[in-house]
Amino acid sequence: MRINYVKTTPFNDQRPGTSGLRKKTNVFKTDNYLENFIQSIFNCLADKRALVVGGDGRYHNDKAIDTIIRMAAANEIDKVMIGRGGILSTPAASCVIRKYGLSGGIILSASHNPGGPEGDFGVKFNTANGGPAPESVTEAIFRQSQRITEYKILNMGDLGPLDIEHTGKSRLYETQIEIFEPVSDYAALMNTLFDFERIRLLFKTGFLMRYDGMNAVTGPYAKSILEGILGAPQGTVVNGEPLADFGGRHPDPNLVYAKELVEAMYSPKDAPDFGAASDGDGDRNMILGRGFFVTPSDSLAVLAANAHLVPGYMGGLKGVARSMPTGKAVDMVAAKLGIPCYETPTGWKFFGALLDADLVTLCGEESFGTGSSHIREKDGLWAVLFWLNIIAARGLGVEAIVRDHWMRFGRNFYSRHDYEGLEPSAANLLMARLKDSLPGLKGRTFGAYRVESADDFSYTDPVDGLISTGQGVRIVFEDIKRLVFRLSGTGTNGATLRVYLERYEKDPGLYNLKPEEAVSGLASVADEIAHIKTILKRSAPDVIT
Ligand code: G16
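Bear in mind that the values here come from a model prediction, so they are computed numbers and not experimental data. (Residues numbered from 1 in each chain as written. Predicted model: local features only at pLDDT ≥ 70, side-chain atom pairs only at ≥ 80, totals over all residues. Heavy atoms only, no water.)

S.K.: Now, about the packing of helix α4 (residues 90–99) against helix α6 (residues 184–193): what can you tell me, with residues and values included?
M.R.: For the pair α4 and α6, interaxial distance at closest approach is 9 Å and the crossing angle is 85°. The angle between α4 and α6 places the two elements in the roughly perpendicular class. Taking contact as the criterion, the partners of Pro91, Ala92, Cys95, Val96 and Lys99 in α4 are, on α6, Asp185, Tyr186 and Leu189. Tallied by class, residues from the contact of α4 with α6 come to 6 nonpolar, no polar and 2 charged. (Axes fitted to C-alpha atoms, helices over the stretch in contact; angles between N-to-C directions. Helix = DSSP H or I, 4+ residues; strand = E, 2+ residues; numbered from the N terminus. Parallel < 35°, antiparallel > 145°, perpendicular 65-115°, else oblique. Contact = heavy atoms within 4.5 Å. Nonpolar A, V, L, I, M, F, W, Y, C, P; charged D, E, K, R; others polar.)

S.K.: So what about the side chain of aspartate 212? Which residues, and what values?
M.R.: By the secondary structure assignment, aspartate 212 is in strand β10 (residues 209–212). The charged side chain of aspartate 212 is buried without a salt bridge, its nearest counter-charge being arginine 249 at 5.1 Å. Those residues in contact with aspartate 212 that lie beyond four places of it in its chain are Val238, Asn239, Glu260, Leu261, Ala276, Ala277 and Ser278. (Buried < 20%, exposed > 50% of the residue type's maximum accessible area, 1.4 Å probe, protein only. Lys, Arg positive; Asp, Glu negative; His and termini not counted. Salt bridge = Lys/Arg side-chain N within 4 Å of Asp/Glu carboxyl O.)

S.K.: Outline the sheet that holds strand β21 (residues 449–456), supporting the account with residue identities and numerical values.
M.R.: Taken together, 7 strands build an open sheet; the order of strands is β20-β21-β24-β25-β26-β19-β27 and the sheet is antiparallel. Two strands in the sheet have a free side with no partner beyond their single neighbour: β20 (445–446) and β27 (543–544). Sheet topology note: the strand β25 (residues 481–487)/strand β26 (residues 495–505) ladder contains 7 bridges and is antiparallel. Looking at β26, one finds that lysine 481 is bridged to arginine 503. Sitting on the sheet, helix α17 (residues 520–530) is in contact with β19 (411–422), β20, β21, β24 (473–477), β25 and β26, with an inclination near 50° to β25. (Pairing = 2+ DSSP bridges.)

S.K.: Account for the sheet that holds strand β8 (residues 168–172), with residues named and values stated.
M.R.: Taking strand neighbours across the sheet as the criterion, the 7 strands line up as β2-β6-β5-β3-β4-β9-β8 in an open arrangement whose pairing is mixed. Where the open sheet ends on each side, the last strands, each with one partner, are β2 (21–24) and β8. Sheet twist, expressed as the average angle between the axes of neighbouring strands with direction ignored, equals 20°. Two elements, strand β4 (residues 79–87) and strand β9 (residues 175–180), share 5 bridges in a ladder whose sense is parallel. In the strand pairing of β9, valine 80 is matched with isoleucine 177.

These figures come from the coordinates and say nothing about function on their own.
Shown next, in the form of structure tokens:
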């Protein structure tokens, strides 16, 4: 075995977005593309003690892992831990980094984006706190990727790829290699947070659940925890085997892409009591009751309001945080609990800083992400177990819990309209014009809606004082109504415009409105203000969640 020093040319498109570097799979397969980015990470590593590596099992996962292990050995990383079979969910990676005090981790995933040769691939780098690398680190990696001339990789001679299918320890060149069972540390952590005994009893009473693994990474975790440890009936977990192309589906747990689960939960005859799904790499979650969908913004609020029933959170919440476009339901809970509620830009790393500083305990986003201080990533299965614990403790179903919540706090109707695959120039033009129009909006009236304030969100991190500008346009109307506009940072196909619509109501007579009916007036105002139809030449959003 010897080290090869391979000449490479810099790439200009390796600036990681909100969640690492995400590109079409065939871009990652071009010569030196992955190697260039990985070497750029290694060149920025001050601490080379130990890394964890794993991914969501999508196409190219195994090849990329083999490359990374060989590069890690050539770059003198002391130890590399690898999830058996290359499988490791994003939350489990965060858990392992923290539990074993590692220097960081490399997670291979394009999250909820489809996989396969025609799909997407991605690399995320997490630091020693277990969370996504902060901007200072991702910028340093990006600068490296623009001037790099060489990468180092171990030449294995005739040995072929390293066996990662069996747990155990070995040595590769000077590097210790440990293949570990990817579920156990994570399951042990969940056991410290939730009342497993109570949840076991719930399943014993005949409580029926359907968990859709979407043929992505959480299947093995859900099978082991729900069906194994908690005694849910076999078959509770569907689509539980990770597949390279996610079974041809889009592993994004929302009402559109998790259609099979939604149909089962709305079936008039035999719908289970509780339904849930996670995304490609296991950090997102969707929660459903029988014939009932819980918006992510409501879900965060319900978790906060019921946290005292869950062992890991009985001591109280330090504070809560939500991303700016996320509905404000949790704000109402925080006000009642007398704890702070932080509003951050989109991107989990902003929560990481608040969690590290012990300012918040729970946080969440409209994009189906919820999490807490237990790790530094959002955590899909954790949210599902949190709900199970609340259901078991209160003896109520999902719908009853949410309706009771609305009675106490009011209802925040919420909807997100996505315009996908846009010409970037058209999307940028829309945002630029919208921003130009902001100073003149205050006080103007659009039908029944009067603008109270309009700005381009800027955030000053309460921990390090860093300012992030241009984080999305928000237009607030009288009577707690709001529109938010921002461009997605995670798409790989043109640009995506997201329009977030929110209306608060505290008249129970209106709680049964459908969200789209409730926000339809706001949708017209959004078009009037941003000229969506004329600039984008689209008559309706592609996805409504
Ligand atoms: C990533 C980030 C999330 C963020 C989301 C936004 O999610 O980790 O914090 O909310 O992107 O996506 P967009 O910019 O498309 O609205 P994930 O699940 O893709 O890692």
